[in-house]
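For reference, the chains in residue letters:
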Amino acid sequence: MIELETRRLGTHEIIHAFPAGKGAQPLPVVVFYHGFTSSKLVYSYFAVALAQAGFRVVMPDAPDHGARFSGDEHARLGQFWQILHGNLTEFAGLRDALYEAGLVADGRLAVAGASMGGMTALGIMARHPEVRSVACLMGSGYFSSLSQTLFPPQEPKDIDAVLAEWDITHALPHLANRPLLLWHGEADDVVPAVETFRLQQALQHEGLDGNLTCLWEAGVRHRITPTALEATVEFFRQHL
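Before going into details, it helps to say that this report is about the structure given with it.

Rules and cut-offs
Residues numbered from 1 in each chain as written. Predicted model: local features only at pLDDT ≥ 70, side-chain atom pairs only at ≥ 80, totals over all residues. Heavy atoms only, no water. Helix = DSSP H or I, 4+ residues; strand = E, 2+ residues; numbered from the N terminus. Expected span 1.5 Å × (residues − 1). Buried < 20%, exposed > 50% of the residue type's maximum accessible area, 1.4 Å probe, protein only. Arc of directions from axis to C-beta. Contact = heavy atoms within 4.5 Å. Pairing = 2+ DSSP bridges. Salt bridge = Lys/Arg side-chain N within 4 Å of Asp/Glu carboxyl O.

### Remarks on helix α8 (residues 194-205)
With 12 residues, α8 extends 16 Å between its outermost C-alpha atoms, agreeing within 8% with the 16 Å of an ideal straight helix rising 1.5 Å per residue. Within α8, burial applies to Glu195, Thr196, Leu199, Gln200, Ala202 and Leu203. For α8, the arc enclosing every buried residue in end-on projection is 165°, short of the 170-degree limit, so these residues lie on one face. Along α8, the residues that are exposed and aim more than 90 degrees away from the buried face are Val194 and His205. In the core, the buried residues of α8 are packed alongside α4 (116-127), α5 (143-146), α7 (172-176), β7 (180-185) and β8 (212-217).

### Observations concerning the pairing of strand β4 (residues 56-60)
Of all 5 residues that make up β4, 5 are buried, and the element is covered over most of its length. Side chains of β4 alternate between two faces, with Arg56, Val58 and Pro60 and Val57 and Met59 buried alike. With 4 bridges joining them, strand β2 (residues 12-19) and β4 adopt antiparallel strand pairing. Residue pairing across strands places Ile14 opposite Pro60, the latter belonging to β4. Two strands pair when backbone bridges link them, and strand β3 (residues 27-33) and β4 are joined in this way by 3 bridges, in the parallel orientation. Its bridge partner being in β4, Val30 is matched across the sheet by Val57.

### Re the pattern of salt bridges
Scanning the model with the defined rule gives 9 salt bridges in all. Among the ionic pairs, Lys40 bridges to Asp61, the shortest N-O distance being 2.5 Å. Highlighted residues: Lys40 in the loop between β3 and α1 (44-52) and Asp61 in the loop between β4 and α2 (73-77), separated in sequence by 21 residues. An identical accessibility class is assigned to Lys40 and Asp61; each is buried. Of the charged contacts in the structure, one is a salt bridge between Arg95 and Glu130, with a shortest N-O distance of 2.8 Å. One end of the pair, Arg95, is in helix α3 (residues 80-100); the other, Glu130, is in the loop between α4 and β6 (133-137), with 35 residues separating them in the sequence. Using a relative accessible area of 18% as the deciding quantity, one classes Arg95 as buried. When salt bridges with common partners are traced through the structure, they connect Glu13, Lys40 and Asp61 into a single cluster.

Here's what the structure looks like:
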């Protein structure tokens, strides 16, 4: 049995899921980030599955998504990289609110996400050593190069400047010293699977893949599969 609620944590509304009766006690925590033009509610099946496995799950909405959506779809489509940056900078406040509320057991805090959420997870891993483990599903941490083809910004130099410190290109040791799950559909038509292959190869080339789990699904486009969901739950069972 689990419980699931919508509540405020820090400055934002979240979906909060946990094993029944354990809402106030410290638990291992997974912060999960949704994809672009989606919402915490759409991805709440991850909250259900992870809470059933014994974790506390916190799912925020990205800027201008879900409960934070302005209603202007056209404007949002032109703000992908700014929204990603918002996710990255807001993480510290969410982390602090979790600890202040006494909700994290023994520092067992993890981050996960899909698509833009997976990009968020990798960026956070590059900058936040306190995160114990990370799962990135159909994402990429190579922001500077990917921004040239995926939702290219109107002011690329400005975006490169704010995202450079979160880009994983020069942060491989920070991704290698903790458990990392990468999952990608090989036929992904939005975030190319080569993005995950590039990271896998970079870590292997440097001998930094000892904590890496990399899973591929043939024929799968840009969507989450039951296999991806099950692999994420099992990964955190083992590494959180």
